[in-house]
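Structural overview for review
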Amino acid sequence: MMHWTVLLAVEEAAKEGGLFDIDATLPLMAVQFLILVAVLNVIFYKPLTKSIEERADYIRNTQVAAKERLAKAQQLAHEYEQKLGDTRRESQKVIAVAQAEAQKSASVKVAEAQKEAQVAREKAGQEIEQQKQDAMRSLEQEVDSLSRQILEKLLGPELVK
């Protein structure tokens, strides 16, 4: 019985115009839809679109500024690297000059010290030779006096003179 009532309801709906009746309701719904779209556009979409565009502009400007800062930072880094390289080369030159001067000064001082040592050796050798000669003279005198004394004791004091 239930099947018959559903079929009767479907048949009555088909007689009245079917599933889609085109009457004043459809244009009214279309007008309501257009009004809803206009209201949503004014209240929701335009402010949201404006916010999104402002945010996009902010992001674009920030990216451009960041790229400019990055380029400037890279340029400064490059300049600093060049200056650092120049400074290193200059410092190497200064170090080389200082080492050459130090070596020259050291060789001069070593030569002076060697000359002074040679002079001191010669002076010491002369002093030793002088002392040797003095010692030899004094020994000769002592040898002479000892030989006289020995001869005097052996031969007597009258024969030695």
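Residues numbered from 1 in each chain as written. Predicted model: local features only at pLDDT ≥ 70, side-chain atom pairs only at ≥ 80, totals over all residues. Heavy atoms only, no water.

On a plain count of helices and strands, the chain comes out with 3 helices and 0 strands. Each helix (α) and strand (β) of the chain, taken in turn from the N terminus, gives the series α-α-α. Within the span of the chain, comprising 161 residues, buried residues form 1% of the whole. For the chain, the exposed area adds up to about 15200 Å²; of that, 63% sits on carbon and sulfur atoms. (Helix = DSSP H or I, 4+ residues; strand = E, 2+ residues; numbered from the N terminus. Buried < 20%, exposed > 50% of the residue type's maximum accessible area, 1.4 Å probe, protein only. Areas by Shrake-Rupley, 256 points an atom, 1.4 Å probe, with all protein chains shown as cover.)

What follows covers helix α2 (residues 25–155). Under the 1.5 Å per step criterion, the end-to-end length of α2 is 180 Å for 131 residues, consistent within 8% with the ideal 195 Å. Two residues or fewer after α2 comes Gly156, characterised by a positive phi angle close to 105°. (Expected span 1.5 Å × (residues − 1).)

Another aspect to go through is the UniProt feature "transmembrane region" (unreviewed entry) in the chain. Mapped onto this numbering, the UniProt entry gives "transmembrane region" (unreviewed entry) at residues 24–45. For the annotated span residues 24–45, helix accounts for 95% and strand for 0% of the residues, and the straight-line distance between the end C-alpha atoms is 30 Å. (UniProt positions renumbered as here; feature names shortened; annotations may be inferred.)

Turning our eyes to something else, we now look at the pattern of salt bridges. In this structure the tally under the stated criterion is 3 salt bridges. Here Arg60 makes a salt bridge to Asp57, at a shortest N to O gap of 2.6 Å. Linking Arg60 with Asp57, this pair stays in helix α2, spanning 3 residues, or about one helical turn. Using a relative accessible area of 36% as the deciding quantity, one classes Asp57 as partly exposed. Among the salt bridges present, the one from Asp86 reaches Arg89, with a minimum N-O distance of 2.3 Å. Of this pair, Asp86 and Arg89 both sit in helix α2, 3 residues apart, which is roughly one turn of that helix. Of the residues examined, Asp86 reaches a relative accessible area of 36% and is grouped as partly exposed. (Salt bridge = Lys/Arg side-chain N within 4 Å of Asp/Glu carboxyl O.)

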